[in-house]
Each structure stands twice: as C-alpha cells, then as structure tokens.
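Fold and contact review
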Protein chains: 2
Amino acid sequence: MITSRQNQWFRRFRDAIREHDREIVIEGPKMVRDAIAVGWRPIAVAVDVGLAVPGEAAAEMLPFATELFKMLTGTRTSQGMAGLFERPEGTLERIFARRDSVIVALDDVQDPGNVGTMVRLAAAFDAAGVLVTPGCADPLGQKAIRSSAGAILEVPVARVTHEELLAAAAQAGLPLFVADGSGTRLPPPAAGAILVFGNEGSGVSAVLAEGATKIAIPMSARVESLNVAASAAILLSRSYDRRVV
Amino acid sequence: MITSRQNQWFRRFRDAIREHDREIVIEGPKMVRDAIAVGWRPIAVAVDVGLAVPGEAAAEMLPFATELFKMLTGTRTSQGMAGLFERPEGTLERIFARRDSVIVALDDVQDPGNVGTMVRLAAAFDAAGVLVTPGCADPLGQKAIRSSAGAILEVPVARVTHEELLAAAAQAGLPLFVADGSGTRLPPPAAGAILVFGNEGSGVSAVLAEGATKIAIPMSARVESLNVAASAAILLSRSYDRRVV
C-alpha cells in the first residue's frame, strides 16, 4: 500500500494532474474503463484502499492509503479510482480525413468549462474533431475533462498553431466560418468546413477571422452577444440537422 | 471616507453580497448605470477612492478606502464601483402577460454559471421572462449576474414554487415543454408555452415533467445528453427563429 507523499507513483500522479503534459489523469472507474476501451494507453491505476472498486486488469493497480488518495483527487469524481494515461494526441491527418462532417476549432478559449462543454458539443453533433490553439485551456485538464462529461473520449482533439490550422485548411480546401454578430444570417455549413469559436472576451483572432465567413445567429438586440459555448451549441446543432436529420 | 470594517455601510454591502436576499449588489459603473436606467432602485453606490469613477447622481455616493473596497468585491468586475439595490422581483403577472413569446422556467438548476447563462439566453431570444424554482442557484448572486453579462437587467425574473408555476400555467392555458432525449424530435413552440430546463444531474422534477411534452434535440449517440445551458441555447434559438425570422 502506498502511504507516503514521497512515493514515486504519488508524485507522478500529482504531476500529471497539475501539468497534464505528457501524462494525464482520468478520474472514476467508468471513465477509466471507457478510456481503455477507446484505446487510450494506461500506465497505472490508483485505487483508494478504503473503497471497494472493481478490478482493472489492463493496467498496474496501485493501492493508495485513503488519506493520500484524497490528496490527489476529489472523492466525488474519482469514486476511489484514478487512471494515469499517456496523453492522447489526435492528429490533424485523422481529423481532416473525415469530409462528411465539420471540424471545430477553438481559438484561445480560456475557460476550461467552456472548452469541455464544446468538446461535448463536438461529440454530440458528430464533428470530425476539435482543433485547439495554444491559447486555449487544455481539453485534457481536470476541469475540462469533467465539463466534457466523458465526451473527451469520443472525439479526436489536436493541438495546432494558427499557422498549422490555416495551412491544413488551405491544403484540404476547407473554408473557415466564425460566429460573429456583424456577419450574415446564414445557415452553418453541413460538412466540409471548419467552424472557429474564439476567446470569451476578444473573439476569434484576426489571423483566423480574416479569411473566414461570418455567421450571425439571429437574436434580439437585448444582448450584445452569446456565451461562446452557447453559440457553438446553436451552430453545431444546426449543422448536424442539415447533415443528418 | 469609509475606512472601517465596522462601518454600517461596509457591513450592509457585505451582507448583500453574501445573502442577496432583500438587497443585492451590482458591480461596475456600466452595470450600475444600466440598472438604474431600467428602473432598479439604488440605495447607495460604493466607490473606491483610489480610482477615478464617473459620478452617479441617482444614489448616495460612498467613498471607500481602496483596501476596504477590495474586501467587498473583485477589482476587475467592479472597476471601482459597486451599487447596493433593493432586490428587484419580477412578477408572475408581468411574465405571463406577454403571449407573443415563450416563458423560460429553470427547475433546480444548481450551477450559478448555468443560471446566468440561461438568463442571458432568455434575453437574447426575447423570452417573456424567467421563472426560477426554490432549488435553483439565485440569478441575483454575484456569479450568476456575471454569467448573465448584463442580461439580468433585460429580462424579468420571478421566483416560483412548483405549485405556483403549475397553477399559473393552468390558469393561462400554457403547455409545458421539457428537453428530454427520450422525447420526440419536435420543433420547440414559437410562443404561448413554457420551456422548462432541469437540474444538471437529475433533470426536470417529476411534478413538472409529468404533464409536459418532451422534446428531443437531434444528436449523435456518442453522448448521453447535453449540458442544460446548451439545450436551452438550441431550443430558445429555434423558438426565436420560428417566431421572428
């Protein structure tokens, strides 16, 4: 049983929770099982010895003293289990390979709750994948993972610079669309396009907005704008309806 | 200049921020001005003496020592000004009087960010008003006000029990609709109806869901459900389009 904060596993889990750089932590028996099922590579699984949890044969099981386990993770989310994984990285190639849907790009979206919610929306409305620029909150941080409600497992997510995004879009011949109140009231594209959602305060950066088509969501003049995740919900839902329903 | 934590005004502002019961606090010169402009009744306005802020003739101005002012409120949101107001209460009568739109009801929505976001959506899509049941986070708490991004001033909000809501709906002859994946893929009503959104975990309470029409939002099977504010964004936007566009 692991009882010390000096233990190498404790420190490795803690660092992965803080930094989620090359290794990340997934909380809860269901999420851990689901992550392994979709092909994420488990390094080890920490279990709270005080709680009876079902065994997870696919990775090394590490019994943690209850008090130490609680230092790592919230008891409600983890339910006595946390998995350490190699950070999964979606690739541009995989995301751009699908042409029957749209691609979602998050540009400097800073709130991890918004990022997680938008990953959930991308999965719900069957987007080809999610691109995140360097200024975004990390979709693989704990808060974003929680806000995604498991959907982070269902949709490929790739980190890209503005330049990589523009180059890949040009090469694939995919136009960019942004939600912008000053734009035109157009239905969003059903497929073969990139929908870009920008920073909560300043919107989509100029370099991406420049060549993009601006779509205005019809609304009353009583507010200036919508929350970025609300805009994404409306446009992705409409795109899905045009494609599928 | 007010310099002491024992000062009666300091304590009154602090209590209003904590309890937002009979008095509430609005932060920032623009929000304070806008609140007065829409008819909210100001009791006093606290200003940080260290910051030059434009005068507000409509209420008593109280100069606070910078350090004391910072104890009350976040500097970024307040920008040196916070207004104490009588808690505004929307009435059922006023909200039910409008028949050219839908009414939004929030049933035990617990996250203040979600409540604020949905108030903003109600304003954006010109709902007649927002009803909140006793289990909801308070739309007039600081976090909900911030998430509403000023929209709390643009839409009447009334607190109701389940019984009051059902009685008013019956009297007005307005049907209830809830977002529910097990329901039918129907377009949401354009007007003359109540759209009910429920708790993040358990959904709409049985007493309200019972007689309601369940609307399923078309989506892929990759997620089980949407975030409640995302559902509201999609349904309210569609309702608005059917009514206005």
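Quick caveat: nothing in here was measured; it's all calculated off a predicted structure.

1. Here we look at the overall build of chain A
Within chain A one finds ten helices and ten strands. Over its C-alpha atoms, taken along the principal directions, chain A stretches across nearly 60 × 40 × 35 Å. Residue pairs at least 24 apart in sequence account for 78% of intrachain contacts in chain A once pairs closer than 6 positions are excluded. Carbon and sulfur atoms make up 48% of the accessible area of chain A, which totals about 10,600 Å².

2. Thoughts on the pairing of strand β5 (residues 103-106) of chain A
All names here are of chain A. Alternating positions in β5 separate into two faces, Ile 103 and Ala 105 on one and Val 104 and Leu 106 on the other, with burial throughout. Inspection of the sheet shows β5 paired to strand β6 (residues 129-132) by four bridges, in the parallel sense. When the sheet's bridge partners are listed, Val 104 is paired in β6 with Val 130. Between β5 and its parallel partner β6, the chain crosses via helix α6 (residues 112-124), and the hand of that crossover is right-handed. Examined bridge by bridge, β5 and strand β9 (residues 194-197) share four bridges and lie parallel to one another. Directly across from Leu 106, in β9, lies its bridge partner Phe 197.

3. Points about the relation of the copies chain B and chain A
Mapping chain B onto chain A calls for a screw motion: a turn of 180° about the axis and a shift of 0.0 Å along it, with 0.0 Å RMSD after fitting. Within this description, the copies of the chain are treated as partners about a two-fold rotation axis. Closest to the rotation axis within chain B is the C-alpha of Ile234(B), separated from it by 2.5 Å. Of the residues that chain B buries at the interface, 100% are likewise interface residues in chain A, meaning the two copies contact each other through the same surface.

4. Structural notes on helix α8 (residues 162-172) of chain B
Residues and elements named next belong to chain B. Of the residues making up α8, those classed as buried are His 162, Leu 165, Ala 168, Ala 169 and Ala 172. Each buried residue of α8 sits inside an arc of 140° when the element is viewed along its axis, so together they form one side. In α8, the exposed residues that point more than 90 degrees away from the buried face are Glu 163, Ala 170 and Gln 171. Here the buried face of α8 lies against α5 (92-97), β5 (102-106), β6 (129-132), β8 (176-184), β9 (193-197) and α9 (206-209). A positive phi of about 70° marks Gly 173, the residue just after α8.

5. Let's talk about the confidence of the model for chain A
With 97% of its residues at a pLDDT of at least 70, chain A reaches an overall mean of 93. This prediction of the complex comes with two scores: 0.93 for pTM and 0.92 for ipTM.

6. A word on unusual backbone geometry
In most cases, non-glycine residues show a negative phi, while peptide bonds are predominantly trans. Phi is positive for Ala149(A), close to 50°, though the residue is something other than glycine. One can find Ala149(A) in the loop between α7 (142-148) and β7 (157-159). Accessibility expressed as a relative area gives 51% for Ala149(A), which makes it exposed. Positive phi, normally seen in glycine, also occurs at His20(B), with a value near 30°. Relative to the elements of secondary structure, His20(B) occurs in the loop between α1 (8-19) and β1 (23-27).

7. So, the environment of Ser225(B)
Looking at the secondary structure, you find Ser225(B) in the loop between β10 (213-215) and α10 (228-243). Since its relative accessible area comes to 34%, Ser225(B) is described here as partly exposed. Along the backbone, Ser225(B) and Asp180(B) are 45 residues apart, and their C-alpha atoms lie at a distance of 8.6 Å. A polar contact is formed between the side chain of Ser225(B) and the side chain of Arg120(A), at a distance of 3.1 Å.

8. Some thoughts on the interface of chain B and chain A
Contacts between the two partners involve 30 residues from chain B, matched on the other side by 30 residues from chain A. When chain B packs against chain A, the two sides together hide about 2,500 Å² of surface, and 52% of this comes from carbon and sulfur. Linking chain B with chain A are four salt bridges, by the criterion used here. Close ionic contact of Asp126(A) with Arg222(B) constitutes a salt bridge, the shortest N to O distance being 2.2 Å. Across the contact surface, chain B and chain A share 20 residue pairs in polar contact (both at pLDDT 80 or more). Of all the secondary structure elements, the ones that give two or more residues to the side of chain B that touches chain A are α6 (112-124) and α10 of chain B. At seven residues, α10(B) tops the list of elements feeding residues into the side of chain B that touches chain A. Split by residue class, the side of chain B that touches chain A holds 17 nonpolar, five polar and eight charged.

9. Thoughts on helix α2 (residues 29-37) of chain A
Residue and element names in this part refer to chain A. Among the residues making up α2, those that are buried are Pro 29, Met 31, Val 32 and Ala 35. Buried-residue contacts for α2 involve β1 (23-27), β2 (42-48), α4 (75-78), β4 (81-86) and α7. Following α2 by one or two positions, Gly 39 has its phi on the positive side, about 105°.

10. What about the packing of aromatic side chains?
All names here are of chain A. Per the stated rule, a full pass over the model turns up eight aromatic pairs over all chains. For the pair Phe 13 and Phe 64, a centre-to-centre distance of 5.9 Å together with 70° between the ring planes defines the contact as edge-to-face. Taken together, the residues span a long stretch of sequence, with Phe 13 in helix α1 (residues 8-19) and Phe 64 in strand β3 (residues 60-64) at a distance of 51 residues. On the accessibility criterion, Phe 13 (0% relative accessible area) is buried. In this structure Phe 64 comes out as buried when scored by relative accessible area, which is 0%.

11. Topic: the sheet that holds β1(A)
Sheets are built from strands paired through backbone hydrogen bonds, the pairs being either parallel or antiparallel. Residues and elements named next belong to chain A. If you trace the four strands from one edge of the open sheet to the other, you get β1-β4-β2-β3, paired in mixed fashion. Each edge of the open sheet is held by one strand with a lone partner, namely β1 and β3. Each neighbouring strand pair of the sheet contributes to a mean axis angle of 25°, computed without reference to strand direction. Relative to β4, β1 runs antiparallel, the two being bridged by five bridges.

Thresholds applied
- Residues numbered from 1 in each chain as written.
- Chains lettered and ligands numbered in written order.
- Predicted model: local features only at pLDDT ≥ 70, side-chain atom pairs only at ≥ 80, totals over all residues.
- Heavy atoms only, no water.
- Helix = DSSP H or I, 4+ residues; strand = E, 2+ residues; numbered from the N terminus.
- Contact = heavy atoms within 4.5 Å.
- Areas by Shrake-Rupley, 256 points an atom, 1.4 Å probe, with all protein chains shown as cover.
- Buried < 20%, exposed > 50% of the residue type's maximum accessible area, 1.4 Å probe, protein only.
- Pairing = 2+ DSSP bridges.
- Right-handed = clockwise from strand over helix to strand, strands pointing away.
- Least-squares fit on C-alpha atoms with pLDDT ≥ 70 in both.
- Arc of directions from axis to C-beta.
- pLDDT = per-residue confidence, 0-100.
- Polar contact = N/O pair within 3.5 Å; in protein donor to acceptor, adjacent residues only side chain to side chain.
- Buried area = accessible area lost by both parts, 1.4 Å probe.
- Salt bridge = Lys/Arg side-chain N within 4 Å of Asp/Glu carboxyl O.
- Nonpolar A, V, L, I, M, F, W, Y, C, P; charged D, E, K, R; others polar.
- Phe/Tyr/Trp six-rings, centres within 6.5 Å; stacked < 30°, edge-to-face > 60°.
- Axes fitted to C-alpha atoms, helices over the stretch in contact; angles between N-to-C directions.

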